[in-house]
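Notes for the structure review
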Amino acid sequence: MNVSLDPGSVKSAALAARYGADATPAAGPWNDTLALLLDHRSIRGYRPDPLPAGTLETLVPPDQPAATSSNMQTWSVVAVADPQKRQALARIANNQKHIEQCPLFLVFLADLSRLDRMAAAEGITFQGLPYAETFLVAAIDAALAAQNAVIAAESLGLATVYIGALRNDAEAVAKVIGLPKGAAAVFGLCVGYADPQAAAEVKPRLPQPAIVHFDSYTVPDESALRADYDAKLAEFSRRNEMAQSTWTERVISRLAHTKALNGRDRLRAALGALGFPLN
Ligand SMILES: Cc1cc2nc3c(=O)[nH]c(=O)nc-3n(C[C@H](O)[C@H](O)[C@H](O)COP(=O)(O)O)c2cc1C
């Protein structure tokens, strides 16, 4: 997206693509960073072209600047290049072909194992480690670092897609990439150059009144907002030749039956086996 030509109309177009023309906020700040954020889209097809040297270090810098709870840095990342491991991970994730295609595949981990090792080295017990709170801290840390990587990648003209389907079988993932006790994959991330065949539009989101509240949570007229969003997403699906049409249909197919969790209904047990008792 070129933001230098006519910032006003570029802003309107970007906001309309994201929220729909009728929901475009009239005023507000605008800059290249906001343009980049609004232009995000997930890409599910990649060219085989390798990435420039140093891309991994740029996306996940050694001095990762993302915020991290109490500076505990309870996350890690595994860059998986081995084709056999890629294949195994793709199989776990419902055979998503882009896991094998993309030049860079990252597995983001909630990682308490480093602190576990610190406790052992210090000859103490970290009583705070086996709690759901500490797992959540680690998962949030991983997500913040990953989203920084996504924004950095998109700023370089690269495409990405998160792979939550690795949680279909968190124990199998741990075996494939050799995780120690206290580390679990929270999601993967494909990074690469978009295959033109897999070009995707910006996917519309719920309008802000459905999401943003002031001072206290007030349930808006959700049926009207949902009907409007359903129509937008149906139109998006038609334009992008996708099978499912409305948002309501998509959510129903994702949540109405446990089977659609594809094994993630066993996540709590899997996390327990991987060293997260979630007390
Ligand atoms: C944590 C997380 C896990 C995801 N897992 C998958 C996945 O396994 N496969 C996939 O194709 N997309 C996955 N996505 C991408 C979402 O489907 C996508 O972000 C959403 O449909 C909105 O589309 P957009 O990113 O193009 O705006 C995931 C996104 C997130 C945030």
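Preceding this paragraph is the structure being described.
Okay, so let's go over this structure. Remember, predicted model here, so these are calculated numbers, not experimental data.

1. Thoughts on the layout of surface pockets
Each pocket or cavity is described by its volume, and for the largest pocket that value is around 1500 Å³. What lines the largest pocket is a set of 49 residues, and nearest its centre among them are Ser42, Arg44, Val161, Lys203 and Arg250. Of all elements in the fold, only α2 (32-38), α5 (98-101), α7 (132-155), β3 (159-163), α10 (222-239) and α11 (247-255) reach the threshold of two or more residues within the lining of the largest pocket. The biggest single contributor to the lining of the largest pocket is α11, with six residues. Per-class residue counts for the lining of the largest pocket are 22 nonpolar, 14 polar and 13 charged.

2. Structural notes on the nonpolar core
By size, the foremost hydrophobic cluster in this structure holds 61 residues, and its most contacted members are Leu89, Phe105, Val107, Phe108, Ile163 and Ile177. Looking at this core, the elements with two or more residues in it are α4 (83-92), β2 (104-111), α7, β3, α8 (170-176), β4 (183-192) and α12 (267-273). At 10 residues, α7 tops the list of elements feeding residues into this core. Filtering out sequence-adjacent residues up to four positions away, valine 107 remains in contact with Ser76, Val77, Val78, Val80, Leu89, Leu166, Ile177, Ala185, Phe187 and Gly188. If you look at the next biggest cluster of nonpolar residues, it comprises six residues, including Leu206, Leu225, Tyr229 and Phe236.

3. Focus on α4
Residue pairs three or four apart in sequence face the same way in an α-helix, which turns once every 3.6 residues. Of all the positions in α4, only Arg86, Leu89, Ala90 and Ile92 are classed as buried. Axial view of α4: buried residues confined to an arc of 155°, hence all on one face. Exposed residues lying more than 90 degrees from the buried face of α4 are Pro83, Gln84 and Arg91. Looking at the packing, one finds that the buried side of α4 touches α5, β2 and α8. Sitting at the head of α4, aspartate 82 places a side-chain oxygen 2.8 Å from the backbone nitrogen of glutamine 84. Within two residues after α4, asparagine 94 carries a phi angle of roughly 55°, on the positive side.

So, how was this worked out
- Residues numbered from 1 in each chain as written.
- Predicted model: local features only at pLDDT ≥ 70, side-chain atom pairs only at ≥ 80, totals over all residues.
- Heavy atoms only, no water.
- 1 Å grid on protein atoms, 1.4 Å probe; cavity = no way out; pocket = protein on both sides within 12 Å on 5 of 7 lines; lining within 4 Å.
- Points joined across faces, edges and corners; volume = space filled by probe spheres on them.
- Helix = DSSP H or I, 4+ residues; strand = E, 2+ residues; numbered from the N terminus.
- Nonpolar A, V, L, I, M, F, W, Y, C, P; charged D, E, K, R; others polar.
- Core = buried A, V, L, I, M, F, W, Y, C linked by side-chain atoms within 4.5 Å.
- Buried < 20%, exposed > 50% of the residue type's maximum accessible area, 1.4 Å probe, protein only.
- Contact = heavy atoms within 4.5 Å.
- Arc of directions from axis to C-beta.
- Polar contact = N/O pair within 3.5 Å; in protein donor to acceptor, adjacent residues only side chain to side chain.

From the geometry alone we can't say anything about function, so treat these as descriptive.
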